[in-house]
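# Descriptive analysis of the structure
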Amino acid sequence: MPQKRRFLHSLLRILAVSLIMSQVTAQRPGFNYDEAKVPSYELPDPLLSSSGTRITSSQQWEAARRLEIRKLFEDHVYGRRPASPAKPLYIVTSESHNALDGQAMRKQITIRFDENAFPQAVHILLYVPNKANGPAPIFLGYNFNGNHTIHTDPGIHLSTSWMRRNQNGNINHQATDAARGKSAKRWPVKRILERGYALATAYYGDVEPDHAQGWKDGIRSHYKTDESGEPLKLDEWGAISAWAWGLSRIVDYLETEDAIDAKRIALIGHSRLGKTALWAGATDERFAITISNNSGCGGAALSRRAFGETVKQINTSFPHWFNRAFKSYNDNEVDLPVDQHMLIALMAPRPVYVASAEEDLWADPNGEFLSAKGAEPVFELYGLKGIGVENQPALNSPVGDQIGYHYRSGKHDVTAYDWERYLDFADRHF
Ligand code: GTR
């Protein structure tokens, strides 16, 4: 008997090891996925200003260091952005008070940024729970493939925008009815509404199509000056900054919507849209909570940690996401005046949540944790507790107070598990 048990034990061990190995080899080859092989690095101190002043109070942080760090991210990573449009148009294209079997009000709104001929339009899909008494708190997040993919609700307009993927119901980069509901697994609409939250979403490609020449059909071809009226050249800001600007424009609209409590907006984004959410949350304080789901390199993960995707790789695969200056940090992360923990610190004192997935080694789960952890000293200036633990927690064991974090089992994705944590986090802070 003991022999049989020993045999079973070693069999199980072999199975476990080969499972881990298959996960590692399923990642892109030629990159580091071994924690033991991460060279040592030193992070810039969020509380040491470039003039050498040590920041010891939230007043000092807000008066000087916060702005300084924001500007460093503008200049070296994402780029500046234009002012908000003077006269946006909000066109309600449909409204039903009996959507989803009576659970919600569904409204679709088109934003046109200016009255002039500029064709760019962003289409918002909004659900508000009918059971809400008073303006509802809301989750806002871009979708990857068009509003019609988040639910099979036949009332959702089919997007006519260019679609990045030529699959899952898209033909010649145009959506067809076959694409309806294709991303529904990532959007538990019913559950969000049940828990008392409204939901707003829009297709990020409405703001700028996600490819190297996408700027030609996006807002970057239209806006040529920044917030202070200075010239803003195309390569001085990237698509992530353009998409983040678009999220702020959706907030402009939400502030006019009676059914919504615009003081309780939780912004969520996955992967490249998680990077976008973090930059939007850092630049616009109207986002009361910011949630980064598996955002990885250029998002929550530390750039200096050589693990998974690198700055050089992201700039090579996606030359349009960041500004020109960021490319000078290819193979040269050490010279970056910031690292991503400082991006998370820019949310302070507002709550922020970072989530990683076990099999998502490309996004460097531990690097995402360490960056959330590295933002803690700034939250402490406000007397707030950040993440509260020293090391990355065990799988599926969420931690944190003002900075939430979890490391779930499974792949690079947004799952029901993730959403439950975000809903709990929002309940706790709203
Ligand atoms: C990957 C990219 C990641 C992440 C992801 C996504 O190819 O390397 O940084 O952004 O795409 O957005 O799906």
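Attention in this report is confined to the structure presented alongside it. (Residues numbered from 1 in each chain as written. Predicted model: local features only at pLDDT ≥ 70, side-chain atom pairs only at ≥ 80, totals over all residues. Heavy atoms only, no water.)

With that out of the way, let us pick up the overall build of the chain. Tallying secondary structure elements over the chain gives 10 helices and 12 strands in all. Rg of the C-alpha trace for the chain: 22 Å, near the compact-globule value of 22 Å for 430 residues, within the 12% margin. In terms of principal-axis extent, the alpha carbons of the chain reach across some 70 × 60 × 45 Å. Taken across its 430 residues, the chain has 55% of its residues classed as buried. (Helix = DSSP H or I, 4+ residues; strand = E, 2+ residues; numbered from the N terminus. Rg over C-alpha atoms; globule rule 2.2 N^0.38 Å. Buried < 20%, exposed > 50% of the residue type's maximum accessible area, 1.4 Å probe, protein only.)

So, on to the site of the ligand. Around the ligand lies a shell formed by Ser271, Arg272, Lys275, Glu309, Ile314, Phe318, Trp321 and Trp362. One of the side-chain N or O atoms of Ser271 is found 2.7 Å from an oxygen atom in the ligand. Residue Lys275 places a side-chain N or O atom 2.8 Å away from an oxygen atom belonging to the ligand. Across the complex, the protein chains shield 81% of the 320 Å² of accessible surface that the ligand would expose by itself. Here the shell around the ligand is built from residues that sort into four nonpolar, one polar and three charged. (Near = heavy atom within 4 Å. Polar contact = N/O pair within 3.5 Å; in protein donor to acceptor, adjacent residues only side chain to side chain. Areas by Shrake-Rupley, 256 points an atom, 1.4 Å probe, with all protein chains shown as cover. Nonpolar A, V, L, I, M, F, W, Y, C, P; charged D, E, K, R; others polar.)

What follows deals with the packing of aromatic side chains. Going through the model one piece at a time under the given rule, you end up with 21 aromatic pairs. Between Tyr78 and Phe322, the ring centres sit 5.8 Å apart and the planes meet at 35°, which makes this aromatic pair tilted. Of the two residues, Tyr78 is situated in the loop between α2 (58-76) and β1 (89-99) and Phe322 in the loop between α6 (311-317) and α7 (340-345); the sequence distance between them amounts to 244 residues. Judged by its relative accessible area of 3%, Phe322 falls in the buried class. What links up through ring pairs into an aromatic cluster is the set Phe139, Trp187, Tyr197, Tyr353, Trp419, Tyr422 and Phe425. Against the face of Trp245 rests Arg249, its NZ or CZ located 5.0 Å from the ring centre. A cation over a ring is seen here: Arg421 above Tyr417, with NZ or CZ 4.5 Å from the ring centre. (Phe/Tyr/Trp six-rings, centres within 6.5 Å; stacked < 30°, edge-to-face > 60°. Lys NZ or Arg CZ within 6 Å of the ring centre and 35° of its normal.)

Topologically, Ile387 is positioned in the loop between α9 (376-381) and β11 (399-400). Leave out the neighbours within four places in its chain, and Ile387 touches Phe369, Ala372, Lys373, Glu376, Val399, Gly400, Ile403 and Tyr405. (Contact = heavy atoms within 4.5 Å.)

With that settled, consider the nonpolar core. Trp61, Phe73, Leu140, Tyr142, Ile250 and Leu254 are the most contacted members of the largest nonpolar core, which has 86 residues in total. If we skip the residues at most four places from it in the chain, Trp61 touches Pro46, Leu47, Ile55, Arg66, Ile69, Ala345, Leu346, Ala348, Val378, Leu381 and Tyr382. Formed by 26 residues, the second largest nonpolar core is a distinct cluster that contains Tyr127, Ile150, Ile156 and Leu423. (Core = buried A, V, L, I, M, F, W, Y, C linked by side-chain atoms within 4.5 Å.)

Our next topic: the packing of α2 against helix α5 (residues 272-283). Axes are the key here: two packed helices are described by the angle between their axes and the distance separating the axes. Between α2 and α5, the least distance of the axes is 11 Å, while the angle of their chain directions is 140°. Accordingly, the angle class assigned to the pair α2 and α5 is oblique. Judged by the twist between their axes, the crossing of α2 over α5 is left-handed. Residue-level contacts link Arg66, Arg70, Phe73 and Glu74 of α2 to Trp279, Ala282 and Thr283 of α5. Its residues assigned to classes, the contact of α2 with α5 comprises three nonpolar, one polar and three charged. (Axes fitted to C-alpha atoms, helices over the stretch in contact; angles between N-to-C directions. Parallel < 35°, antiparallel > 145°, perpendicular 65-115°, else oblique. Left-handed = near helix turned anticlockwise from the far one by under 90°.)

In this structure, Ser161 sits in the loop between β4 (136-143) and β5 (170-171). Residue classification places Ser161 among the buried positions, given a relative accessible area of 15%. For Ser161, the side chain forms a polar contact with the side chain of Asp206, separated by 2.6 Å. Residues within four places of Ser161 in sequence aside, it is in contact with His173, Gln174, Tyr203 and Asp206.

Don't take any of this as a statement about function, it's just geometry.
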